[in-house]
Amino acid sequence: MALIEIRGVTTIFGPAPPTALRKLRSGLDKSALLGSGHTLALRDVDLDIEAGEIFVLMGPSGSGKSTLLRHINRLIEPTAGRVHVDGQDVMALRTRELVALRRRRMAMVFQGFGLLDHRRVVDNVALGLELRGVGQRERRTRAMQWIERVGLSGYEERLPAQLSGGMRQRVGLARALASETDIILMDEPFSALDPPIRAQLQRELLALQAEQGRTVVFVTHDLDEALRIGSRLAILRDGAVVQVGTPWEVLTQPADAPSADFARHVNRARALAIGSALAPWPADLPMPDPANATDTVDADASIEQVLHQLVGRTDPLAVRRGNVIVGQVSMSSVRALLAPPDRVSPRQVPEGSENRSA
Amino acid sequence: MGDEVTGPALFPDWQTPLREATNAAIDTLVMGFGDEFEAVSQALLAVLLPLEQALRNASPWLVLAIASTLAFAASRRWQFTLATAAGLWVIGALGQWDPAMQTLALILVAVLVCLVVGLPLGVWSARSRWVQRVVSPTLDLMQTIPSFVYLIPAAMLFGLGKVPAILATVIYAAPPLVRLTALGVSQVNAEVMEAARAFGATRWQTLLKVQLPLALPSIMQGINQTTMMALAMVVIASMIGARGVGETVLVGLQRNDPGMGLVGGLAIVILAILLDRLLQACGVRLQPRGSVRSSWIAPWR
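The rules behind the values
- Along each chain, numbering runs from 1 in the same order as the chain's sequence is written.
- Chains and ligands are labelled sequentially in the order written, the chains with letters from A and the ligands with numbers from 1.
- Confidence filtering applies because this is a predicted model: local features only for residues at pLDDT of at least 70, side-chain atom pairs given and counted only at 80 or more, and all residues used for totals across whole chains, interfaces and linings.
- The basis for every side-chain value is the complete set of non-hydrogen atoms in the structure, without hydrogens or water.
- Runs of E in the DSSP output that reach at least two residues are strands. Runs of H or I that reach at least four are helices, and both are numbered from the N terminus.
- Surface accessibility in these figures is a Shrake-Rupley result with a 1.4 Å probe; residues are shielded only by whichever protein chains are displayed.
- Charge counting treats Lys and Arg as positive and Asp and Glu as negative, with His and both chain ends excluded.
- For this purpose, a charge sits on NZ of Lys, CZ of Arg, CG of Asp or CD of Glu.
- Domain borders in the structure are assigned automatically or taken from a domain database.
- By definition, residues are in contact when any of their heavy atoms lie within 4.5 Å.
- Buried area adds together the accessible area that both of two parts lose upon being put together, with accessible area traced by a 1.4 Å probe.
- What counts as a salt bridge is simple: a side-chain nitrogen of Lys or Arg found within 4 Å of a carboxyl oxygen of Asp or Glu.
- For helices, the fitted axis covers only the stretch in contact; all axes are lines through C-alpha atoms, and the angles between them, taken along N-to-C directions, range from 0 to 180 degrees.
- Crossing chirality is assigned from the near helix's rotation relative to the far helix, an anticlockwise turn below a right angle marking it left-handed and a clockwise turn marking it right-handed.
- Under the scheme applied here, ten amino acids are nonpolar (Ala, Val, Leu, Ile, Met, Phe, Trp, Tyr, Cys and Pro), four are charged (Asp, Glu, Lys and Arg), and all others, including Gly, are polar.
- For every residue, the predictor assigns a confidence score, pLDDT, that lies between 0 and 100.
- N or O atoms within 3.5 Å of each other form a polar contact, as long as, within protein, one can give a hydrogen and the other can take it, and as long as residues adjacent in sequence are counted only when both atoms are side-chain atoms.
- Strands are labelled as partners when DSSP assigns at least two bridges between them.
- Grid points spaced at 1 Å over the protein atoms alone were grouped into cavities, where a 1.4 Å probe fits but cannot get out, and pockets, open sets with protein on both sides within 12 Å along at least five of seven lines, with lining residues defined by an atom within 4 Å of a point.
- Grid points are joined across faces, edges and corners, and a volume is the space filled by probe spheres set on the points.
- Residue types Ala, Val, Leu, Ile, Met, Phe, Trp, Tyr and Cys, when buried and joined through side-chain atoms within 4.5 Å, form a set referred to as a nonpolar core.
- Partly exposed residues are those whose accessible area sits between 20% and 50% of the maximum for their type, while under 20% is buried and over 50% is exposed, using a 1.4 Å probe and protein chains only.
- Criterion for a disulfide: a pair of cysteine sulfur atoms within 2.5 Å.
- To estimate the expected span of a helix, subtract one from its residue number and multiply by 1.5 Å.
- Two axes enter the bend calculation: one fitted to the seven residues ending at the residue in question, the other to the seven starting there, and the bend is the angle between them.
- To sort the angles, those under 35 degrees are grouped as roughly parallel, those over 145 as roughly antiparallel, those from 65 to 115 as roughly perpendicular, and the leftovers as oblique.

Undergrad: How would you sum up the overall build of chain B? Please name residues and give values.
TA: Of the regular secondary structure elements, chain B holds 14 helices and zero strands. Over its C-alpha atoms, taken along the principal directions, chain B stretches across nearly 75 × 55 × 40 Å. A total accessible area of about 16,100 Å² is found for chain B, and carbon and sulfur atoms account for 67% of it. Separation between the mean location of the 19 positive side-chain charges and that of the 16 negative ones in chain B comes to 20 Å.

Below you can see the structure in the form of structure tokens.
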């Protein structure tokens, strides 16, 4: 059973959602629904999110991805359907139980950071602990550990207004991590940041996740980001899930025309992790030392980052995840990934010509 | 009333029934609920009288010292600290020390009542659209209806003196506090509210840890405006028997003594300026250091 199960979730916004839902079920089309002042935010969404993965909800603005995210902690309630977290029916919870679930099981990171401007960094980070009743001294100690972990040491007594956007989102991240919940919901956490800062925080999130192994549900409208970060992706369009799959599947077997169009403009060398091109380590070769940086690459590194180690190499390059060798890659497997013969000609892809698209 | 309009009347007579009904209602209240009004009266006096006694009996030196200390603690500026001492000294030199202490006690108690009533009402109307629909026009009414209209029944219900003066002052002065509290609470960023809920804050925790602290600058502005409006009521309050600097102005009016009026007026103005600056400085001090908002609340800095 998946950690988070979403079943048949349909969500309508407007003056009388249940009535609108009944009309929708009896065949009313979406535009007529719109005319009655209702919006169909989500329709018949089924998803399974497994423990320990980074699951990305990806789609254009208005596709319902942020709304769907808020169903998991019931900030928004569906008009129909069920959400289960670890077997618990979230919609059946009473207020007290819902509060306990939010305090113990899931934290959240927001696009606009959602920090308390009147509180110092350390007291922002400690919010989750404070709300569940952890004592002042204890929560300060724990908050300081996470402040250090996200690279904000020395800023703990500052106010959010005194920090840059990237630093504020580090506070948001530390606040979510410090709550020590197994699930973290992230609503476009890096979309408001400048590209270099965004790339840096993406890397740090992956590093943190490799160490923490929490379950992350990550909303973004940026396919590059979705592909870089996600273990699996769900593509949403107009409130419906059009595809669920690994980054590799989403890129190579797009479910509909808009997705295919999107996928064509992705810089694969940058978007795909080298782990996507993984082949088993040949049984007849000796296993290299995972600590040897020249002979191994990290599975989460982008193809672009390890390309120089592959070029001109004849023997396979080992891929490690953490301290374990998980397989190997070669120039030919990477080439197949970058330029499927039926879609893109080899000349177009590797150099930076398409970097800024998508 | 005297002029008789002949022919078919355009206007029905609503005056007589409204007047009679109101008077009957007031009479009923006076007759039937005398004990209850007496209890309210005693409760207010229990707060007011000790404060007034303390302020009037204390040595002016002590009052000057305390006021200056407060001024320095709030503003950390010597100019304002000295101005506070000088202002109070001028009040004494104008022969208005004792009335000014009476007025100060009355204002402080009135503002306290405004806080006790106004803060919850402000929070409530920020949280419920229905409450807001009732409260908002009521506040409009409280601010626009001439104060003499409610002074008469207030004096009938509570007798002449300090208590009806406090109540009349509260009616006139509470609206800005309610409005600015509601505004401050409802303007808290939606994502911040969402964050509080997402991390498992109860409604009460959200109010205490998020909404009220973030609304504090707005609430402080409300307290400031309420205090200023309370001061504006002191002359009217003196008409129903509250002593204080308002009485000095009233006496000047009654005796055709413009000089006396000016003396009382100056004392009120000095009190108003000092309280205004003190409260604004408190507002700045209560905000987190380095906050971007500190500039607008204290434009004189």
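Undergrad: Any chance you could break down the domain arrangement of chain A for me, citing the residues and the numbers?
TA: Residue and element names in this part refer to chain A. Domains assigned within chain A are domain 1 (51-76 + 89-259) and domain 2 (271-354). Taking only C-alpha atoms into account, the centre of domain 1 sits 29 Å from that of domain 2. Listed as interface residues are nine residues of domain 1 and, on the opposing side, seven residues of domain 2. Counting the surface lost from both domain 1 and domain 2, the interface buries some 790 Å², and carbon and sulfur atoms represent 62% of this. Remark: the boundary between domain 1 and domain 2 carries zero salt bridges.

Undergrad: Requested: an account of the packing of helix 14 (residues 303-310) of chain A against helix 15 (residues 331-338) of chain A, with residues and values cited.
TA: Residues and elements named next belong to chain A. At a minimum axis distance of 11 Å, the contact between helix 14 and helix 15 shows a crossing angle of 145°. Considering only the axes of helix 14 and helix 15, their crossing is left-handed. Residues Ile303, Leu307 and Leu310 of helix 14 pack against Met331, Val334, Leu337 and Leu338 of helix 15. A breakdown of the residues in the contact of helix 14 with helix 15 according to their chemical character gives seven nonpolar, no polar and no charged.

Undergrad: Mind laying out the confidence of the model for chain B, listing which residues take part and the relevant values?
TA: In the predicted model, chain B carries a mean pLDDT of 89, and 93% of its residues have values of at least 70. Predicted confidence for residues 290-301 of chain B stays below pLDDT 50, and this span has 23 contacts to residues more than four positions away or in other chains.

Undergrad: How would you summarise the interface of chain B and chain A if you had to cite specific residues and measurements?
TA: Counting from both sides, the interface comprises 20 residues of chain B and, opposite them, 30 residues of chain A. In this assembly, chain B packs against chain A so that about 2,100 Å² is buried in total across both faces, 61% of it on carbon and sulfur atoms. For chain B, the biggest contributors to the area lost against chain A are Glu191, Phe199 and Lys209 of chain B; these three give 33% of the whole. At the junction of chain B with chain A, the criterion picks out two salt bridges. With a closest N to O distance of 2.5 Å, glutamate 194 of chain B and arginine 70 of chain A form a salt bridge. For the pair chain B and chain A, the number of links is nine residue pairs in polar contact (both at pLDDT 80 or more). Elements with a minimum of two residues in the side of chain B that touches chain A: helix 9 (190-198) and helix 10 (203-232) of chain B. At seven residues, helix 9 of chain B tops the list of elements feeding residues into the side of chain B that touches chain A. Classifying every residue of the side of chain B that touches chain A by side-chain character gives ten nonpolar, five polar and five charged.

Undergrad: Describe in detail the sheet that holds strand 5 (residues 88-89) of chain A, supporting the description with residues and values.
TA: Residues and elements named next belong to chain A. One open sheet holds the four strands; their spatial order is 2-1-4-5, and the pairing between them is antiparallel. Taken across any chain shown, the strands that pair with only one partner, and hence form the sheet edges, are strand 2 (39-49) and strand 5. With two bridges connecting them, strand 4 (residues 80-85) and strand 5 associate as antiparallel partners. Note that in strand 5 the partner of histidine 84 across the bridge is aspartate 89. Its contacts with the sheet put helix 3 (residues 65-72) on strand 1 (4-13), strand 2 and strand 4, and the angle it makes with strand 2 is roughly 55°.

Undergrad: An account of empty space enclosed by the protein is needed here, citing residue identities and associated values.
TA: All names here are of chain A. Scanning the model with the defined rule gives five cavities of 30 Å³ or more in all. Roughly 60 Å³ of internal volume is contained in the second largest cavity. Forming the boundary of the second largest cavity are Leu173, Leu177, Ile184, Met186, Leu205, Leu208, Gln209, Gln212, Arg214 and Val216. For the lining of the second largest cavity, the secondary structure elements donating two or more residues are helix 8 (165-178), strand 7 (183-187) and helix 9 (195-212).

Undergrad: Please provide a residue-by-residue account of the nonpolar core, values included.
TA: Residue and element names in this part refer to chain A. Counting 71 residues, the largest nonpolar core has Val56, Val125, Met186, Phe218, Leu233 and Ile274 as the members making the most contacts within it. Looking at which element gives the most residues to this core, the answer is helix 8, with seven residues. Here this core spans two domains, since at least three of its residues come from each of domain 1 (51-76 + 89-259) and domain 2 (271-354). Non-local contacts of phenylalanine 218, meaning those with residues more than four positions away in its chain, are made with Ile54, Phe55, Val56, Leu57, Met186, Pro189, Phe190, Leu205, Glu225 and Ile229.

Undergrad: I'd love a proper account of the state of the cysteines, names of residues and values included.
TA: Residues and elements named next belong to chain B. Evaluation of the coordinates by the stated rule reveals zero disulfides over all chains. The structure places no disulfide on cysteine 114, whose sulfur is separated from the nearest cysteine sulfur, that of cysteine 282, by 17 Å. A relative accessible area of 27% places cysteine 282 in the partly exposed class.

Undergrad: For helix 5 (residues 97-127) of chain B, give the residues involved together with the corresponding values.
TA: Taking 1.5 Å per residue, 31 residues should reach 45 Å; helix 5 of chain B reaches 44 Å between its end C-alpha atoms and fits that length. Glycine 118 of chain B marks where helix 5 of chain B bends most, by close to 30°; the proline proline 120 of chain B follows one to four residues later.

Undergrad: Give me the lowdown on the sheet that holds strand 13 (residues 324-329) of chain A, citing residues and values where you can.
TA: Residue and element names in this part refer to chain A. Strands sit in the order 11-12-13 across an open sheet of three strands; the sheet is mixed. Sheet topology places strand 11 (296-298) and strand 13 at the edges, where each strand pairs with a single neighbour. Averaged over neighbouring strand pairs, the angle between their axes works out to 40° when direction is ignored. As paired strands, strand 11 and strand 12 (residues 317-321) are joined by three bridges and run parallel to one another. Residue threonine 296 lies in a different strand from strand 12, and its bridge partner there is alanine 318. Across the sheet, helix 14 is in contact with strand 11, strand 12 and strand 13; its angle to strand 11 comes to roughly 175°.

Undergrad: Run through the layout of surface pockets, naming residues and quoting values.
TA: Vacant regions in the atomic arrangement are exposed by a probe of water-molecule size rolled over the atoms. Residues and elements named next belong to chain B. What the largest pocket holds in volume is close to 690 Å³. In terms of lining residues, the largest pocket is bounded by 29 residues, among which Leu70, Leu104, Leu108, Leu275 and Leu278 are the most central. With seven residues, helix 5 is the largest single contributor of residues to the lining of the largest pocket. Across the lining of the largest pocket, the residue classes break down as 27 nonpolar, two polar and no charged.

Undergrad: Give a detailed account of helix 8 of chain A, specifying residues and quantitative values.
TA: Residue and element names in this part refer to chain A. In this model helix 8 runs 20 Å from its N-terminal to its C-terminal C-alpha over 14 residues, within 8% of the 20 Å that 1.5 Å per residue would give. Along helix 8, the positions that sit buried rather than exposed are Gly166, Met167, Gln169, Arg170, Val171, Gly172, Leu173, Ala174, Arg175, Ala176, Leu177 and Ala178. Glutamate 180 occupies a position one or two residues after helix 8 and carries a positive phi of about 55°.

Undergrad: Hey, could you go over the packing of helix 3 (residues 60-75) of chain B against helix 13 (residues 258-286) of chain B for me, with residue numbers and the actual values?
TA: All names here are of chain B. Between helix 3 and helix 13, the least distance of the axes is 8 Å, while the angle of their chain directions is 40°. Relative to helix 13, the element helix 3 lies oblique. Of the two possible hands of crossing, helix 3 and helix 13 adopt the one that is left-handed. For the pair formed by helix 3 and helix 13, the contact residues are Leu70, Ala71, Ala73, Ala74 and Ser75 on the first element and Leu278, Ala281, Cys282 and Arg285 on the second. Along the lines of polarity and charge, the residues of the contact of helix 3 with helix 13 split into seven nonpolar, one polar and one charged.

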